[in-house]
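A look at the structure
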Amino acid sequence: ACASFGNGVAALVANGKQKFAILDEHWTAVTSLSSTLSNTGGNRTISAIEIAIKKLLDLKSEQMEESPLIIEARRVVKAIKAANAVFESSRAARAFLTKDATPIPTLKASVKKIHETMNAAQAVQIGAVEIENACREGAEVIAAVDQVIAARAVATHDKSLEAYPKLRTAADFVSRGLSNTSEKRVALDRRLKHQSVPLHRSLTAVSDALENEAKVCHRDILAFCGDIYMSYPEAMAADLLKRGFTSLRIDKEDDIHCLRDEIYLQLCKQLTDNPSGTSRYRCWRLLRLVSLTFAPSNMLKPLLESFAEDVIAVAAKGATNEVHALTAKSFLEILRSCKILYSTPPQADEIHALCFGIDTATESIRVEEAPSYQRLRRASINRKAAKLNDVAANLVGVELPDLMPVELQDVLKGETKDDEAVEAAYEQFEIMQHAAENKKRFLDLVEKAATALLAENGASETLAIDLEAQLSVLQTAKIPGLEVTCIIEAEELIARIYDQLDLIDSLLDAIQANSVSDLKAALSRAHDMDDARHLSLVKQAQTKLESLSSSSSSSSFFYRLFSPSTNKNN
């Protein structure tokens, strides 16, 4: 019995020692991994962490894969990999800087790569010292590249907006947010030109945090300028000024001017090739107000000065509106004075008076002090009342339409003249004026589309997209007096243009492929389309088919099908 008891005790001791050894091994592995993770001096490596993880997992302890320590270790590995990607893209950009002949698009592409890797690193959402160091390095390299691009622009005397270092490259601009080739082509064509629909992405290479902010800013500009309908456009302008004014607080130090420069560039974009005089006028006034609220970056400032100087020079030749030139001159003076008037962004109820309260033709800008809001509001109401009086004088003896808002009818009939009534009536007058402009633009596009469909080269994709966008604006704004038949006609024209474009693509593919069967199929389809027979490309396809055809019968068949001089008996 004693011997048996002794053997039992010995077995327990041996088992205890074994378990203690396993526990000790566990403890050693855990300590090793914890020590590796806590080495935040920048010396911890992916290989060291992965080795420590493997040692711990090899012990096959239960639920070790789910342990917080393993999860944290793997997050650190992911963070280090992301940081290494930032360092690698930064090193590549620095290598380009050492070569004087590196093209500007290549430098911009390297900056884009750094932005992408930095965004990916920050998305890891872990306070890793490696990520902080990598992002700091990336920001330094981006600043260095921007300086080189700006210096080259100065050396080559390039002061166009295209020379702005942070402007997205063409490939980057259309790489996201567009669904097909047609939309990409139109977006590239209008990248720095007026468009009446909101931007699909920012013009400048901003961080992900500012991407949506930039798109909202463009919507605000469109709404204030009248390109899209909003019942209170001054509120949209106030929102724009607030976003630009407070942009210092919403992103990193290296992005301080990004949103502000984005706003300036968007305003210049809307002023370029803008077919609407009202939209251009309101945009110039908004640009001037923006310049009094916050300044652009030093990189963008000379380009904006050049933009304004070009407008003034064109006006001197009599090729542009003098009012726009006066506002451009005022904007240029404000830029050069480097003085900001407003310590806080103007509110919505101040916007109209600050933008339109002074007669533009006789305006003299005093940058030293802001004009009194009460004086500006009085001037604004007087201007509105004078305009409404002119409208009323032109409508003497004319019965006012039932669709005209009551507020506007009361003022035009002289039944009320108090300030609040005048402002309410003028707001309704502007809404009706904007609706009339939109209706005219829409009808012009309908007529242009119908004519283009019958041209030798057919209608363009740009025309279809413009008509589609204008139709969307009209349907959203519910323009009074627009007949349903016009909307139906526009929808049919859009469908016919896209059918014609699809046929043109088929004909081009068939001609390039030298395929008899494809040519026959495309020409047969063209024969069934009223918008295709006059196309010059159909004649080219017929000629190509005749040269490829080995059978004279098939050739003569298609010749008879499309020849304008076909014998009726045949």
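Below is a summary of the structure that appears in this document. Only a predicted model underlies this, so the values are computations on that prediction, with no experimental measurement involved. Counting restarts for each chain, with residues numbered from 1 along the sequence as it is written. A pLDDT threshold of at least 70 governs which residues receive local features in this predicted model, and a stricter bar of 80 or more applies before side-chain atom pairs are shown or counted, although totals over entire chains, interfaces and linings include all residues. Hydrogens are left out, water is left out, and the side-chain values use all remaining heavy atoms of the structure.

1. So, the packing of helix α10 (residues 258-271) against helix α11 (residues 277-293)
Each pair of packed helices gets described by two things: the angle between the helix axes and the distance between those axes. Simply put, an axis is a line fit to the C-alpha atoms, just over the touching stretch for a helix, and the angle between two N-to-C directions goes from 0 to 180 degrees. Helix and strand assignments come from DSSP, with helices taken as H or I runs of at least 4 residues and strands as E runs of at least 2, each series counted from the N terminus. Viewed as axis vectors pointing N to C, α10 and α11 meet at an angle of 160 degrees, and their least axial separation amounts to 9 Å. Accordingly, the angle class assigned to the pair α10 and α11 is roughly antiparallel. Judged by the twist between their axes, the crossing of α10 over α11 is left-handed. In this structure, α10 uses Ile-263, Tyr-264, Leu-267, Gln-270 and Leu-271 to contact α11, whose residues at the interface are Arg-280, Cys-283, Trp-284, Leu-286, Leu-287, Val-290 and Ser-291. Amino acids are sorted into nonpolar (Ala, Val, Leu, Ile, Met, Phe, Trp, Tyr, Cys and Pro), charged (Asp, Glu, Lys and Arg) and polar (every other residue, Gly among them). The class makeup of the residues in the contact of α10 with α11 is nine nonpolar, two polar and one charged. By the definition adopted for this analysis, an angle is roughly parallel if under 35 degrees, roughly antiparallel if over 145, roughly perpendicular if from 65 to 115, and oblique otherwise. Definitions for this section: a left-handed crossing has its near helix turned counterclockwise from the far helix by less than a right angle. A right-handed crossing has that turn clockwise. It only takes one pair of heavy atoms within 4.5 Å for two residues to be counted as in contact.

2. Topic: the pattern of salt bridges
Whenever Lys or Arg places a side-chain nitrogen within 4 Å of a carboxyl oxygen from Asp or Glu, that contact is recorded as a salt bridge. Counted under the stated rule, the structure contains 15 salt bridges. Residue Glu-137 pairs with Arg-94 through a salt bridge whose shortest N-O separation is 3.0 Å. Here Glu-137, found in helix α5 (residues 129-155), pairs with Arg-94, found in helix α3 (residues 68-97); they are 43 residues apart in sequence, far enough to count as distant. Only protein chains enter the calculation, and the probe is 1.4 Å; a residue is then buried if its accessible area is under 20% of its type maximum, exposed if over 50%, and partly exposed in between. Residue class for Arg-94 comes out partly exposed when judged on its relative accessible area of 34%. Taking the shortest distance from any N to any O, the salt bridge between Arg-496 and Asp-531 comes out at 2.8 Å. One end of the pair, Arg-496, is in helix α19 (residues 484-513); the other, Asp-531, is in the loop between α20 (516-527) and α21 (536-548), and 35 residues separate them in sequence.

3. Here we look at unusual backbone geometry
For Asp-273, which is not glycine, the phi torsion reads 55 degrees and is therefore positive. Within the element layout of this structure, Asp-273 appears in the loop between α10 and α11. The class for Asp-273 is partly exposed, based on a relative accessible area of 48%. Unusually for a residue other than glycine, Asn-514 sits at a positive phi of about 55 degrees. Mapped onto the secondary structure, Asn-514 falls in the loop between α19 and α20.

4. Details of empty space enclosed by the protein
Cavity and pocket criteria rest on a 1 Å grid covering protein atoms alone: a 1.4 Å probe that fits but cannot get out defines a cavity, protein on both sides within 12 Å along at least 5 of 7 lines defines an open pocket, and an atom within 4 Å of a point defines a lining residue. Grid points are joined across faces, edges and corners, and a volume is the space filled by probe spheres set on the points. Scanning the model with the defined rule gives two cavities of 30 Å³ or more in all. Taken as a whole, the largest cavity holds about 90 Å³ of empty space. As for the largest cavity, its lining consists of 13 residues, and the residues nearest its centre are Lys-108, Val-111, Pro-165, Leu-167 and Ala-205. Contributing elements (two or more residues each) for the lining of the largest cavity: α4 (104-122) and α5. It is α4 that provides the largest number of residues to the lining of the largest cavity, a total of four residues. Of the residues contributing to the lining of the largest cavity, the split by class is five nonpolar, two polar and six charged.

5. Points about the state of the cysteines
Note: disulfide means a covalent bond formed between the sulfur atoms of two cysteine side chains. Two cysteine sulfur atoms make up a disulfide if the distance between them is within 2.5 Å. Under the defined criterion, the tally for this structure stands at zero disulfides. Left without a disulfide partner, Cys-268 is nearest to the cysteine sulfur of Cys-283, which lies 8.1 Å away.

6. Examining the packing of aromatic side chains
Two rings belonging to Phe, Tyr or Trp (six-membered ring only in the last case) form a pair when the distance between their centres is within 6.5 Å. Interplanar angles under 30 degrees mark stacking, angles over 60 mark edge-to-face geometry, and anything in between is tilted. If you walk through the whole model with that rule in mind, you get three aromatic pairs. Seen from their ring centres, Tyr-264 and Phe-294 are 6.0 Å apart, and the 85 degrees between their planes marks the pair as edge-to-face. Here the residue Tyr-264 occupies a position in helix α10, and Phe-294 occupies one in the loop between α11 and α12 (301-316), the gap between them amounting to 30 residues. The burial state of Tyr-264 is the same as that of Phe-294; both residues are buried.

7. Things to note about α11
Under the 1.5 Å per step criterion, the end-to-end length of α11 is 25 Å for 17 residues, consistent within 8% with the ideal 24 Å. For α11, the buried fraction is high: 13 of the 17 residues fall into the buried class. A helix is expected to span 1.5 Å multiplied by its residue count minus one.

8. Observations concerning the side chain of Arg-282
On the secondary structure map, Arg-282 appears in helix α11. The exposure class of Arg-282 is buried, given its relative accessible area of 10%. Look past the residues within four positions of Arg-282 in its chain and what remains in contact with it is Phe-224, Cys-225, Pro-233, Glu-234, Phe-356 and Glu-430.

9. Some details on α10
In a regular helix each residue adds 1.5 Å, so 14 residues correspond to 20 Å; α10 covers 20 Å between its end C-alpha atoms and thus fits that length. Most of α10 is tucked away: 14 of the 14 residues are buried. Residue Asp-273 follows α10 closely and has a positive phi angle near 55 degrees.

10. Here's the deal with the packing of helix α8 (residues 208-225) against helix α9 (residues 233-245)
At a minimum axis separation of 8 Å, α8 and α9 run at an interaxial angle of 145 degrees. The way α8 lies across α9 gives a crossing that is left-handed. Of the residues in α9, those in contact with Glu-213, Val-216, Cys-217, Arg-219, Asp-220, Ile-221, Ala-223 and Phe-224 of α8 are Pro-233, Glu-234, Met-236, Ala-237, Asp-239, Leu-240 and Arg-243. Taken together, the residues that form the contact of α8 with α9 break down as nine nonpolar, no polar and six charged.

Keep in mind these numbers describe shape, not what the thing actually does.
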